[in-house]
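# Survey of secondary and tertiary structure
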Amino acid sequence: MSTGTTSEAGSETSAEPGPGVLPAIPAPGGGETEVPRYAPQWLRLREPADAEARAHELLDPLRIRLANRPGHGTELIVHDLGCGTGSMGRWLAPLLDGPQHWVLHDRDPYLLHFASVGAPRAAADDSPVTVTTQRGDIGRLTPDALTGASLVTASALLDVLTAEEIDTLARACVGAGCPALLTLSVVGRVELAPEHPLDREISEAFNAHQRRGDLLGPDALGAACEAFDRLGASVRVHPSPWRLGAEQRELTQEWLRGWVGAAVEQRPDLAPRAETYLPDRLAACAAGDLRVTVHHSDVLVLPRPTGGAR
């Protein structure tokens, strides 16, 4: 999530813009770095769109891999990275059979609380689902941290990572021999209908904002695929766009505010035109006349199994 809010990767900056940045909290261990806090209201607002967008086409190959994992028949151990309020678990756990234990990772204890309280309790076949929480920095993930993992998941995470962090994630997953389902990575394309002459400039400025510092933004998906491929893993990519219309107008309005705000932050010269553009777009959205497609992709990574994977 890379415009100053969070997706379900609540420990990072959001790939999808949105409202509600809360005061920072101290980093784990009392260090100087502060951890941004994000409004659960935004995460709840986007959750239905996330669920509808995720690529169901990747679930069958994932199920096949899980059914053939070493130790099949034992409890499925899922590590959800940057879990935010836990929408990935609420979506995926009821789609998989068998008992499951989810380890929810995030830097923000506030979001971890919401994720734990709102976690699903039953799998697709009514087997029990349990959760624990793990506060920490996923940018420092190691294969040892995933010992015994059956699956790694994340939502809207890759595009807020640096190249080094993506390499670390890839090494951890491949080192543990467990598959990874990494969803809703933005790819740098947004379509609005009807079109407006300023759409392209806003989109380009937003993409530049995502790439600020060392963040990869819309380049992250390609970098992740290359990193996993170098390590010998099989990689499958499938589109997972948000398609927002009149029924999603509240989400669309908040997305617009964040999208335009990030673009203007990146390019202040856009501000005079954005002062007209944004109210016009919000009015069209309120009237049900605006449609928005925010392009993402999901990726399923299938490393070679190791003795540590379950």
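Model, not experiment: these values are computed from the prediction.

## With respect to helix α6 (residues 199-210)
Since the α-helix packs 3.6 residues into each turn, any two residues three or four apart lie on the same face. Relative to the 16 Å expected for 12 residues at 1.5 Å per residue, α6 spans 17 Å between its end C-alpha atoms, a close match to the ideal helical length. Within α6, burial applies to D199, I202, S203, A205, F206, N207, H209 and Q210.

## Observations concerning the confidence of the model for the protein chain
Here the protein chain averages 87 in pLDDT, while 84% of its residues score no lower than 70. For the stretch residues 1-37, pLDDT sits under 50, and the model shows 153 contacts to residues farther than four places along the chain or on other chains.

## Regarding the state of the cysteines
This model, assessed by the stated rule, comprises zero disulfides. Cysteine C178 is unpaired, with the sulfur of C173 as its nearest cysteine sulfur at 5.1 Å. C178 gets classed as buried once you look at its relative accessible area, which sits at 0%.

## Points about the packing of aromatic side chains
Summed over the entire model, instances satisfying the criterion amount to two aromatic pairs. Residues Y110 and F114 carry aromatic rings whose centres are separated by 5.3 Å and whose planes lie at 80 degrees to one another, so their mutual orientation is edge-to-face. In this pair, Y110 and F114 are both assigned in helix α4 (residues 109-117), four residues apart and thus about one turn of the helix distant. For Y110, a relative accessible area of 31% puts it in the partly exposed group. F114 gets classed as partly exposed once you look at its relative accessible area, which sits at 28%. Centroid distance W255 to W259: 4.8 Å. Interplanar angle 20 degrees. Geometry classified as stacked. In this pair, W255 and W259 are both assigned in helix α8 (residues 249-266), four residues apart and thus about one turn of the helix distant.

## As for the side chain of H79
Assignment of secondary structure puts H79 in strand β3 (residues 76-81). Looking at H79, its side chain comes within polar contact range of the side chain of H105, at 2.9 Å. Discounting residues that sit within four places of it in the chain, H79 has contacts with V103, H105, A145, L146, A149, L151, V152 and T153.

Scoring rules and cut-offs
Numbering of residues begins from 1 in every chain and follows the order in which that chain's sequence is written. Reporting in this predicted model follows two pLDDT cut-offs: at least 70 for local features of residues, and 80 or more for side-chain atom pairs to be given and counted; totals over whole chains, interfaces and linings ignore these cut-offs and use all residues. Where side-chain values are given, they derive from all heavy atoms of the structure, hydrogens and water being excluded. Going along the chain from the N terminus, every DSSP run of H or I of four or more residues is numbered as a helix, and every run of E of two or more is numbered as a strand. Multiply 1.5 Å by the residue count of a helix minus one, and that product is the helix's expected span. Partly exposed residues are those whose accessible area sits between 20% and 50% of the maximum for their type, while under 20% is buried and over 50% is exposed, using a 1.4 Å probe and protein chains only. The quantity called pLDDT is the predictor's confidence in a given residue, expressed from 0 to 100. We call two residues in contact when some of their heavy atoms are within 4.5 Å. Counting rule for disulfides: a pair of cysteine sulfur atoms within 2.5 Å. Stacked, tilted and edge-to-face are the three classes applied to pairs of Phe, Tyr and Trp rings, where Trp contributes its six-membered ring and a pair requires centres within 6.5 Å; stacked means planes under 30 degrees apart, edge-to-face means over 60, and tilted covers the rest. In the analysis that follows, any N or O atom pair within 3.5 Å is treated as a polar contact, provided that within protein one partner can donate a hydrogen and the other can accept it, and provided that, for residues neighboring in sequence, both atoms belong to side chains.

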